Amino acid sequence: MKRREFINRSMGATMLASTAPLSKLFAHVNEIASKSVTQDANYDVIVVGVGSMGSSTCYHLAKQGHKVLGLEQFDIPHELGSYAGQSRIIRKAYFEHPDYVPLLERAYQNWKTLEDETGAELYFKTGLLYYGKSDHALIKGLWESANKYSIPINEITSKEQASHFSQFRIADDYERLIEPDAGFVTPERAVLLYTERAIQSGASIHTKEKTLEWKRNGSTITVKTDKKTYQCKKLVITAGPWAGEVVPGLSKDLKVTRQMIAWVKPKNWKRFELGNFPCWTIADHERPGIYYGFPILPTSQFGGPIGMKLAHHYHGDVTHADRVNRIPTQEDESNLIRMLNKFMPEGYESTHVMKTCLYTNTPDENFVLDFVPDQQKNVVIAAGFSGHGFKFSSVVGEIMAELAITGSTTQPIGFLNAQRFS
Ligand SMILES: Cc1cc2nc3c(=O)[nH]c(=O)nc-3n(C[C@H](O)[C@H](O)[C@H](O)COP(=O)(O)OP(=O)(O)OC[C@H]3O[C@@H](n4cnc5c(N)ncnc54)[C@H](O)[C@@H]3O)c2cc1C
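The structure displayed is predicted, hence computed values, not measured ones. (Residues numbered from 1 in each chain as written. Predicted model: local features only at pLDDT ≥ 70, side-chain atom pairs only at ≥ 80, totals over all residues. Heavy atoms only, no water.)

J.: Could you give an account of the environment of Ala 190, naming the residues involved and the relevant values?
T.: As for its position among the elements, Ala 190 is in helix H7 (residues 187–200). Taking the C-alpha atoms as reference points, Ala 190 and Thr 409, separated by 219 residues in sequence, lie 23 Å from one another. Among all residues touching Ala 190, those that are not within four sequence positions of it are Trp 111, Leu 114, Leu 122 and Phe 390. (Helix = DSSP H or I, 4+ residues; strand = E, 2+ residues; numbered from the N terminus. Contact = heavy atoms within 4.5 Å.)

J.: Quick one: what's the story with the sheet that holds strand S3 (residues 88–90), residue by residue and with numbers?
T.: The strands making up a sheet are joined through hydrogen bonds of the backbone, oriented either antiparallel or parallel. Reading across the sheet, the three strands line up as S3-S8-S4 and stay open at both edges, with antiparallel pairing between neighbours. Edge positions in the sheet fall to S3 and strand S4 (123–124), since each has one partner strand and no second. Here S3 runs beside strand S8 (residues 183–185); their pairing, made up of three bridges, is antiparallel. Considered in S8, the bridge of Ile 89 is made with Phe 184. (Pairing = 2+ DSSP bridges.)

J.: Explain the sheet that holds strand S6 (residues 154–155) residue by residue, including any values.
T.: The mixed open sheet is built from eight strands, whose spatial order is S6-S7-S5-S14-S15-S16-S13-S17. The sheet terminates laterally at S6 and strand S17 (350–361), the two strands that pair on one side only. Judged from the five bridges that link them, strand S5 (residues 128–132) and strand S7 (residues 175–179) form a sheet pairing that is antiparallel. Residue Tyr 130 lies in a different strand from S7, and its bridge partner there is Leu 177. Most of the contacts of helix H10 (residues 330–343) go to strand S16 (residues 308–313), to which it runs at about 105°, and overall it touches strand S13 (255–265), strand S14 (279–282), strand S15 (290–293), S16 and S17. (Axes fitted to C-alpha atoms, helices over the stretch in contact; angles between N-to-C directions.)

J.: Residue-level account of the site of the ligand, with values.
T.: Close contacts around the ligand come from 34 residues, with Ser 52, Glu 72, His 78, Ile 89 and Cys 357 the closest. One of the backbone N or O atoms of His 388 is found 3.5 Å from an oxygen atom in the ligand. One of the backbone nitrogen or oxygen atoms of Gly 389 is found 3.1 Å away from an oxygen atom of the ligand. Of all the secondary-structure elements, those providing two or more residues to the shell around the ligand are helix H3 (52–63), S3 and S17. The greatest single-element share of the shell around the ligand, amounting to three residues, is contributed by S17. Considered class by class, the residues forming the shell around the ligand number 16 nonpolar, 13 polar and five charged. No fewer than three residues from each of domain 1 (3–82 + 188–251 + 365–421) and domain 2 (124–185 + 255–361) sit in the shell around the ligand. (Near = heavy atom within 4 Å. Polar contact = N/O pair within 3.5 Å; in protein donor to acceptor, adjacent residues only side chain to side chain. Nonpolar A, V, L, I, M, F, W, Y, C, P; charged D, E, K, R; others polar. Domains from an automatic or database assignment.)

J.: Lay out unusual backbone geometry with the relevant residues and their values.
T.: A cis amide bond links Ile 76 to the next residue, Pro 77, at an omega of -5°. Mapped onto the secondary structure, Pro 77 falls in the loop between strand S2 (68–71) and S3. The omega angle of the peptide bond from Gly 304 to Pro 305 is -10°, so this bond is cis rather than trans. One can find Pro 305 in the loop between helix H9 (299–302) and S16. One non-glycine residue with positive phi stands out, namely Lys 208, at about 55°.

J.: Give me the lowdown on the packing of aromatic side chains, citing residues and values where you can.
T.: Going through the model one piece at a time under the given rule, you end up with 23 aromatic pairs. The interplanar angle of 55° and the centroid separation of 5.3 Å between the aromatic rings of Tyr 100 and Phe 392 together place this pair among those described as tilted. Taken together, the residues Tyr 100 in the loop between S3 and helix H4 (101–118) and Phe 392 in the loop between strand S19 (379–383) and helix H11 (393–406) connect sequence positions 292 residues apart. In terms of burial, Tyr 100 and Phe 392 fall into one category: buried. Seen in terms of ring centroids, Phe 168 and Trp 280 are 6.2 Å apart; in terms of plane orientation they differ by 70°. Their pairing is edge-to-face. A residue pair is termed long-range when its members are at least 10 positions apart, and Phe 168 in the loop between helix H6 (158–164) and S7 and Trp 280 in strand S14 qualify at 112 residues. Trp 280 shares its class with Phe 168; the two are buried. Taken together, the ring pairs connect Tyr 94, Tyr 100, Phe 367, Phe 385, Phe 392 and Phe 415 into an aromatic cluster. Lying across the ring of Tyr 43, Lys 67 places its NZ or CZ 5.2 Å from the centre. Above the face of the Tyr 108 ring, Lys 92 is positioned so that its terminal group lies 4.5 Å from the ring centre. (Phe/Tyr/Trp six-rings, centres within 6.5 Å; stacked < 30°, edge-to-face > 60°. Buried < 20%, exposed > 50% of the residue type's maximum accessible area, 1.4 Å probe, protein only. Lys NZ or Arg CZ within 6 Å of the ring centre and 35° of its normal.)

Structure follows, in structure tokens:
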């Protein structure tokens, strides 16, 4: 019996309705993951880290018929890496660098493909507001990308501001813009569905199995975990905040920082709910970085926590993924409350919950998508997503699969090469 037939039969080839509550999907994916564990020690490709980028990589590789093993040190999903927390903003007028826009076009297409295959809704088009002074990097950068790639951006008149976005109190000297095609994607569900689809296509996914070391000998790579030793022809490293440990040669350019997210109760709940309120970004000229947030999402559909989510996109304290202080401080909370009181008069009544998340920052805050130096194109890495990577995970997995199998990619990733810091 062919491998894929065996796997499909042994799992009953069931796909859980993808609108199922997250807890059900979680139980289902972990059940089929445990059934996908085989005694095999040899694989075409091993993927270290089945999170945002790794789950998508396993999916793309397995779909092409390659024999794949995905190794994840925790459960799928979990809250200790970079993707936890219900929602991630997706947008195209990319202020960080216009060269990301072609990758975003492909990322949007790939999200749609996953939605079509699974029947799930993963991308929610809420529109994204941009508020900031015209000389701020957010505003200058988004116009650069929007003009270069003809991305629709609308200026909001004072009348529209008062009628549609009256939740905000914005100074007259701030630009008021909206990207109508932007919104958010749902990270936990996406990671679960990519994992589910990878397993359905024949991948083995081992959870609670930590990769301890790897070594290349000619065209064979040996991967040692805390459970077993494996061999593969190609290795893909998608280890998020642990990437610097898995590839020590790159660790100096992958700084992990502690970031906080809050879910708050606004004074007027209804006005901030999904359907009545968009995603938003505000570049407060008195503070570094950018504040951003989401509408209140119904927990029956999106899982917890309850409330309006917001965060501050800037570099938090440098930390280590295994030793980060996950307890919120008074300062973490007051930073976000101060911002709400300033820009959303009805936005804050009380704090519901605060959670810690991790960024992995490169010196220029652009990703690393490349072969690991000195490994003869046998080892590929996707890392350093610097707090803005999730929206790309649908295309990054495809790129990782291409690089691992063919040694090249059709996507324009030259600006994300690993050598640029040396
Ligand atoms: C607060 C916050 C807000 C964000 N907001 C946005 C946003 O709005 N839009 C956006 O696009 N992006 C956003 N991001 C960024 C985005 O979430 C990250 O860039 C993305 O999740 C990084 O994916 P990753 O695969 O590199 O890491 P992860 O998703 O963390 O995956 C890495 C995986 O590798 C596993 N692993 C590591 N080492 C090993 C090992 N040795 N053995 C086995 N498994 C291992 C880990 O357990 C983990 O599951 C945000 C991030 C944070 C923290």
